[in-house]
Amino acid sequence: MMGRLPFIAGNWKMNKTVEEACELVRQMKLAIAGAEGVGVAIAPPFTALYAVRKELEGSAICLAAQNLFWEEKGAYTGEVSPGMLKGVGCEYVIIGHSERRQFFGETDETVNRRMKAALGPGLKPIFCVGETLREREEGKTFPVIERQVEGGLRGLGEKEMKSIVVAYEPVWAIGTGKTATPQQAEEVHRFIRERIERIYSRQIAEEVRIQYGGSVTPENIKGLMIQKDIDGALVGGASLKSETFSKIVRFKEM
Ligand code: PEP
């Protein structure tokens, strides 16, 4: 069986105007050029997707969106549909990010609806799960992750699962500078892979890429990536600068 290709994605969150986004992409293209054996995606805000897509022409960096709504069109003021994202050139879409769950009322059920809607026109979900500090301290990490994984994937078949990337992002590590230790991350990644094996098959579980997210930096990426079940990173803060993001992408060279 072929190994899993590492996958590094940058989540720009609510940062960068169109001009700033284009400038950052130009820098990243140069800084990342020639990096081998790694897939890369960036998720600018909706407003910059079209312009960034143009800047990315001829580059191996994939375009991702940060969210979507499950309806295709209609009276849903402020929402963006799967077809719109596909049309603007997105290949991936982040779904169920903890900031969406925390601040915008996302539940496992709405995450699941978004997952199904994304897969319809062929978008690949980056499906985020992760426990809060309180849940971890109360010893609930595994049940919470299990609930999120099962809830988010409900009703999705093996074929669909092949298009999904999972991102384990402990909420207490996002934007806090507090990374999970490689061992803490690895044990949850292994747990997620086992759940996926139980729901689908050994083969699907071996193929699915599971990213770690939460204060990933050039300094800690290597220790994370040498773990057996960590296949990449979803990077927030450090993806806003070409210098730090490209070092993370080039983790093999460090
Ligand atoms: C994220 O937004 O998914 C994230 C992991 O952020 P940060 O790297 O800033 O912790």
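Since we're looking at a predicted model, the values are computed, not measured.

*Asks:* Would you take a moment to explain the sheet that holds strand β7 (residues 209-213) for this structure?
*Replies:* Through backbone hydrogen bonds, the strands of a sheet pair up, either in parallel or in antiparallel fashion. Spatial ordering of the closed barrel is given by β1-β2-β3-β4-β5-β6-β7-β8, a layout of 8 strands whose pairing is parallel. On average, adjacent strands in this sheet sit at an angle of 25° to one another, irrespective of strand direction. In the sheet, β7 pairs with strand β8 (residues 232-235) via 2 bridges, with the strands oriented parallel. Opposite G213, over in β8, you have L234 as the bridge partner. Sheet strands touched by helix α2 (residues 49-56): β2 (39-43) and β3 (62-65). Its angle to β3, the strand with the most contacts, is close to 170°. Across the sheet, helix α7 (residues 141-153) touches β5 (124-129) and β6 (165-168), and the angle it forms with β5 is around 155°.

*Asks:* Even after reading the chapter, I still don't get the site of the ligand, so can you show me in this structure?
*Replies:* Taken together, 14 residues lie around the ligand, and K13, E169, G175, S215 and G237 are the ones closest in. Contacts to the ligand include G236, whose backbone N or O atom sits 2.8 Å from an oxygen atom. Relative to its unbound accessible surface of 290 Å², the ligand loses 96% to contact with the protein. The class makeup of the residues in the shell around the ligand is 4 nonpolar, 8 polar and 2 charged.

*Asks:* Teacher, can you tell me more about unusual backbone geometry here?
*Replies:* Peptide bonds are mostly trans, and most non-glycine residues show a negative phi. Its identity is not glycine, yet K13 carries a phi of approximately 50°, on the positive side. Its place among the elements puts K13 in the loop between β1 (7-11) and α1 (18-32). You will see that K16, though not glycine, has its phi angle at about 85°, which is positive. Along the chain, the position of K16 falls in the loop between β1 and α1. Assessed through its relative accessible area of 28%, K16 is described here as partly exposed.

*Asks:* Before we go on, may I ask you to explain the nonpolar core in this structure?
*Replies:* Core analysis: the biggest nonpolar cluster contains 65 residues, and L153, V166, I192 and I196 have the highest contact counts within it. When near neighbours in sequence (up to four residues on either side) are disregarded, V166 contacts F127, V129, M161, I192, I196, V208, R209, I210 and Q211.

*Asks:* Sorry if this is basic, but what is going on with the packing of α1 against helix α12 (residues 242-249) here?
*Replies:* Two numbers describe a pair of packed helices, the interaxial angle and the distance between the axes. Direction vectors running N to C along α1 and α12 enclose 35°, while the axes themselves pass 9 Å from each other. Taken as a pair, α1 and α12 cross one another with a handedness that is right-handed. Residues L24, Q27, M28, A31 and I32 of α1 pack against S242, F245, S246 and V249 of α12. Looking at side-chain class alone, the contact of α1 with α12 contains 6 nonpolar, 3 polar and no charged residues.

*Asks:* Would you mind going over the packing of helix α5 (residues 108-119) against α7 with me for this structure?
*Replies:* The geometry of α5 relative to α7 is characterised by a closest axis approach of 7 Å and an angle of 40° between their N-to-C directions. With respect to α7, the axis of α5 lies oblique. You can see that α5 and α7 cross each other, and the crossing is right-handed. The segment α5 lies against α7, with D108, V111, N112 and M115 engaging R147, Q148, G151, G152 and L153. When the residues that make up the contact of α5 with α7 are grouped by side-chain class, the tally is 3 nonpolar, 4 polar and 2 charged.

*Asks:* Sorry if this is basic, but what is going on with the pattern of salt bridges here?
*Replies:* Proximity of charged atoms lets side chains of opposite charge pair with each other. Tallied over the full model, the rule gives 23 salt bridges. The salt bridge involving D108 is made with R101; its shortest N-O contact spans 2.9 Å. Neither residue differs from the other here; D108 and R101 are each classed as buried. A salt bridge links E131 to R136; the nearest nitrogen and oxygen atoms lie 2.7 Å apart. Here E131 falls in the buried class, since its relative accessible area comes to 0%. Because the salt bridges share partners, they merge into one network encompassing R4, R193, E197, R202, E206, D229 and D231.

About the thresholds
Residues numbered from 1 in each chain as written. Predicted model: local features only at pLDDT ≥ 70, side-chain atom pairs only at ≥ 80, totals over all residues. Heavy atoms only, no water. Pairing = 2+ DSSP bridges. Helix = DSSP H or I, 4+ residues; strand = E, 2+ residues; numbered from the N terminus. Axes fitted to C-alpha atoms, helices over the stretch in contact; angles between N-to-C directions. Contact = heavy atoms within 4.5 Å. Near = heavy atom within 4 Å. Polar contact = N/O pair within 3.5 Å; in protein donor to acceptor, adjacent residues only side chain to side chain. Areas by Shrake-Rupley, 256 points an atom, 1.4 Å probe, with all protein chains shown as cover. Nonpolar A, V, L, I, M, F, W, Y, C, P; charged D, E, K, R; others polar. Buried < 20%, exposed > 50% of the residue type's maximum accessible area, 1.4 Å probe, protein only. Core = buried A, V, L, I, M, F, W, Y, C linked by side-chain atoms within 4.5 Å. Left-handed = near helix turned anticlockwise from the far one by under 90°. Parallel < 35°, antiparallel > 145°, perpendicular 65-115°, else oblique. Salt bridge = Lys/Arg side-chain N within 4 Å of Asp/Glu carboxyl O.

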